[in-house]
Amino acid sequence: MLALATLIRLRVKLDLYPNVKTLFAGLGRTGIRIDITGKTQSIIFAGRTVKSISVEKLLKNSVKKIAKISNIIRPGRQRSLKKLLAIVPATLKALSNYTYSILKSAAIEEFDGEINAGFGPPHITGAAFGFYQATLAGIPAIAGRFKYIPDWNGLSFQGQLRISVSIPLYRLLFKTMIMLWQLPLRELLKLAIGTKKAQS
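Residues numbered from 1 in each chain as written. Predicted model: local features only at pLDDT ≥ 70, side-chain atom pairs only at ≥ 80, totals over all residues. Heavy atoms only, no water.

## Side note on the overall build of the protein
Thinking step 1. Check the secondary structure of the protein and you find six helices and 10 strands.
Thinking step 2. Across the 200 residues in the protein, those meeting the buried criterion constitute 22%.
Thinking step 3. Across the protein, every contact between residues at least 6 apart in sequence was considered, and the portion connecting residues at least 24 apart equals 63%.
Thinking step 4. When the accessible surface of the protein is split by element, carbon and sulfur atoms take 66% of a total near 14,400 Å². (Helix = DSSP H or I, 4+ residues; strand = E, 2+ residues; numbered from the N terminus. Buried < 20%, exposed > 50% of the residue type's maximum accessible area, 1.4 Å probe, protein only. Contact = heavy atoms within 4.5 Å. Areas by Shrake-Rupley, 256 points an atom, 1.4 Å probe, with all protein chains shown as cover.)

## Thoughts on the sheet that holds strand β9 (residues 155–168)
Strands pair in a sheet through their backbones, by hydrogen bonds, and they do so in one of two ways: parallel or antiparallel.
Thinking step 1. The strand order β5-β4-β3-β2-β1-β9-β7-β8 describes an open sheet built from eight strands, whose pairing is mixed. Strands with a single pairing partner mark the edges of an open sheet, and in this sheet they are β5 (48–54) and β8 (146–150). Sheet twist, expressed as the average angle between the axes of neighbouring strands with direction ignored, equals 15°.
Thinking step 2. Sheet analysis places strand β1 (residues 9–16) next to β9, joined by eight bridges and oriented antiparallel. Bridge pairing in β9 links Leu 16 to Leu 161.
Thinking step 3. The sheet contacts of helix α5 (residues 169–182) involve β1, β2 (21–27) and β9, and relative to β9 the element is tilted by about 85°. (Pairing = 2+ DSSP bridges. Axes fitted to C-alpha atoms, helices over the stretch in contact; angles between N-to-C directions.)

## Structural notes on the layout of surface pockets
Thinking step 1. Here the largest pocket is characterised by a volume of approximately 300 Å³.
Thinking step 2. In this structure, the largest pocket is lined by 13 residues; those nearest its centre are Ala 128, Phe 131, Tyr 132, Phe 146 and Tyr 148.
Thinking step 3. Sorting the residues of the lining of the largest pocket by element identifies β7 (107–119), α4 (122–138) and β8 as the ones contributing at least two each.
Thinking step 4. Here the lining of the largest pocket is built from residues that sort into 12 nonpolar, one polar and no charged. (1 Å grid on protein atoms, 1.4 Å probe; cavity = no way out; pocket = protein on both sides within 12 Å on 5 of 7 lines; lining within 4 Å. Points joined across faces, edges and corners; volume = space filled by probe spheres on them. Nonpolar A, V, L, I, M, F, W, Y, C, P; charged D, E, K, R; others polar.)

Here is the structure:
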C-alpha cells in the first residue's frame, strides 16, 4: 500500500484567465486551491471542496503560529557569527542541489497560453522578451504552446495561461531525505537555540 502511495504525483497547477485565477497544489485531486481573485484558500478532497477560508485570516493565523515557534529563539541568548558563517557554504550547497534536483525531476504536464504584456520602460520589456526566447531555446517542449507578445508602449498585462507541473512523490521524498542528510542540522539547531550570555 505504501509503495502504491509513493507512485502518486505531487502536482502544482496555475490557471490565469480573465475570470479565473487559481493556484492548486496537492496529490492527485486532493490538495489546496487558492483563488487569487477571490482571495480564498480551499481544501480540496477528491475534487470536492471541503473547507474554505480567507487568505487574510489564514495569514493572521500563520503569523501567530510563527510567533509561537519563534519562542525557541529566546532573548538573552547569543549566537556566534563565526559559526553561522562556517555553515553557510554547506547549507547553500545542500539547498541549491535540492532545488536543481527537484526541477530536473519535475515534468511539465500542461503549458498553454498567450500573454500580451509590457513592463514600462522598453529595455525591461526587451529583457523579459529575451528571457522568453531563452526559455523557448532551453525548453523546446513549450515552443508553440506558449506565446509572449511584448507591449512596447507601456505597462500592461492581459492574456491567459495554464501551467501544470508534477513530480512523483517517491522522488520528492528521496530528494528531501538527501537534502536533510547534507544539511548541517545539528549546527543549525544549536544556532537557533543559542547559548546563554555570560553573567556580568
